[in-house]
Amino acid sequence: MAAKIDLTLDCANAQLLADFWKTALGYIDEPPPVPFKTREEWLAQFDLPEDDSEDDGAWLCDPDGAGPRLSILKVPEPKTAKNRLHIDVRVPGHGSAGERRARIKAESERLVKAGGTVRQEFDGRHVVMADPEGNEFCVAAASA
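The sections below set out a description of the structure shown in this document. Counting restarts for each chain, with residues numbered from 1 along the sequence as it is written. pLDDT decides what is reported in this predicted model: residues at 70 or higher carry local features, side-chain atom pairs at 80 or more are listed and counted, and totals for whole chains, interfaces and linings draw on all residues regardless. Working from all heavy atoms in the structure, the side-chain values ignore hydrogens and water.

A pair of strands is treated as paired once DSSP finds two or more bridges between them. Numbering of helices and strands starts at the N terminus; helices are DSSP runs of H or I of at least 4 residues and strands are runs of E of at least 2. Spatially, β1-β4-β3-β2 is the arrangement adopted by the 4 strands of the open sheet, whose pairing is mixed. The sheet is open, and its two edges are formed by β1 (6-11) and β2 (28-29), each paired on a single side. As judged from the 6 bridges shared by β1 and strand β4 (residues 69-74), these two strands associate in the parallel manner. Residue pairing for β4: Leu7 is matched across the bridge by Leu70. In what follows, residue pairs with any heavy atoms lying within 4.5 Å of each other are defined as contacts. Here an axis means a line fitted to C-alpha atoms, over the contact stretch when the element is a helix, while the angle between two N-to-C directions is reported on a 0 to 180 degree scale. In this fold helix α1 (residues 14-25) packs onto β1, β2, β3 (57-61) and β4, with an angle of close to 10° to the strand it touches most, β3.

Below is the structure:
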């Protein structure tokens, strides 16, 4: 049986990144764990420093339950190097090479409008992008 995974992004502004990744992935805010009714209520059970805020974290999930949960957590240190692990945003892989390239281009343009930046394009096969805080990810076609 395969293990389930969550992905965690460290950041300076959790709400900014949560908004971007909800747009990029079609994810939603994950409801607080049962029996809690709000995130604030859930966070109150932890002995957090007084300067921690509910806005210092965001928890996102795939509304269909298929993809991994995404936790976005504020950290004090800035990003200093290239990600060793990154997210690939996949567009449908069917059709001709030209059709796949057009879908990759359209998705990367959509994500630029949401706050991402294009870092490098590779022959229409994939585009390396960065989210609003510089975390790298790729836009590519799914394998068929």
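Turning our eyes to something else, we now look at α1. In this model, α1 (12 residues) spans 16 Å end to end at C-alpha, consistent with the 16 Å of a helix rising 1.5 Å per residue. Relative accessibility decides the category of a residue: with a 1.4 Å probe and only protein chains considered, values under 20% of the type maximum give buried, values over 50% give exposed, and everything between is partly exposed. Among the residues of α1, Ala14, Leu17, Ala18, Phe20, Trp21 and Ala24 are the ones counted as buried. Taken down its axis, α1 places every buried residue within 165° of arc, on the same side. Turning to α1, the residues buried within the fold contact β1, β3, β4, β5 (87-91), α3 (97-113) and β8 (136-141). Definition of a polar contact: a pair of N or O atoms within 3.5 Å, with one able to donate and the other able to accept a hydrogen when the atoms are protein atoms, and with sequence-neighbouring residues admitted only if both atoms are side-chain atoms. At the N-terminal boundary of α1, the capping side chain belongs to Asn13, with an oxygen 3.2 Å from the backbone nitrogen of Gln15. One or two residues past the end of α1 sits Gly26, with phi positive at roughly 75°. To estimate the expected span of a helix, subtract one from its residue number and multiply by 1.5 Å. Directions from the helix axis toward the C-beta atoms define the arc.

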